[in-house]
Amino acid sequence: MKSNGNSLLDDLCCTNEKDVDIVEQNFKYNLNVAEKLKKTQCFIKRRQRNEKKSRYCEIKDNIPPEDLLVVQEECRKIRSEGISQTVQTLQRTYGSKYDYDIFREAEKDVSKELDKKTQSLSDKIKHLQHELQKTQNSRKCNIYEQER
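Residues numbered from 1 in each chain as written. Predicted model: local features only at pLDDT ≥ 70, side-chain atom pairs only at ≥ 80, totals over all residues. Heavy atoms only, no water.

Below, the discussion takes up helix α3 (residues 65-94). Between its first and last C-alpha atoms α3 spans 43 Å; for 30 residues at 1.5 Å apiece the expected length is 44 Å, and the two agree. P65, L68, Q72 and V87 are the residues of α3 that are buried. In the segment just after α3, G95 is the residue with positive phi, at about 55°. (Helix = DSSP H or I, 4+ residues; strand = E, 2+ residues; numbered from the N terminus. Expected span 1.5 Å × (residues − 1). Buried < 20%, exposed > 50% of the residue type's maximum accessible area, 1.4 Å probe, protein only.)

Below, the structure written as structure tokens:
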């Protein structure tokens, strides 16, 4: 029994039983520090994610309506390339177990959601284009009236 106690002390790098208390205190302290670090890392990640999201929204909101259509078309191309790459990866990974029908159903669900967003976005684009045209027409009228 005594040899087990001595081997435990050796494992903890302790010379006597008083050192075990110090090791326990250090262990508890390290656990507290690790928990604080974990919380800090989560906070930092969340802040970075929010910063990236706000930068994305700022860039997206500043795209002129005529360029937005080009961006949407590019997104469609990227999406179709991504889908084909995903299908190829799934086929390589799962081989004969891969079922395209399941993938297709998931793809349809995602498409529905994206199309809803795309439709509302294209409605916004049309509205902005209409407002821009109205503004330009009113400016032309004002210039014409000023010339009279």
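Turning our attention to the confidence of the model for the protein. A low pLDDT means the predicted coordinates there should not be read in detail. Summing up the model confidence of the protein, the mean pLDDT is 75 and the portion of residues at 70 or higher is 71%. Confidence, read as mean pLDDT per element, is least for helix α1 (residues 2-11) in the protein (62) and greatest for helix α2 (residues 17-61) (85). (pLDDT = per-residue confidence, 0-100.)

Should the charged atoms of two oppositely charged side chains come close, the side chains can pair. This structure, assessed with the given rule, holds 1 salt bridge. With a closest N to O distance of 3.9 Å, E51 and R47 form a salt bridge. With a gap of 4 residues between them, E51 and R47 both fall in helix α2, about one helical turn apart. (Salt bridge = Lys/Arg side-chain N within 4 Å of Asp/Glu carboxyl O.)

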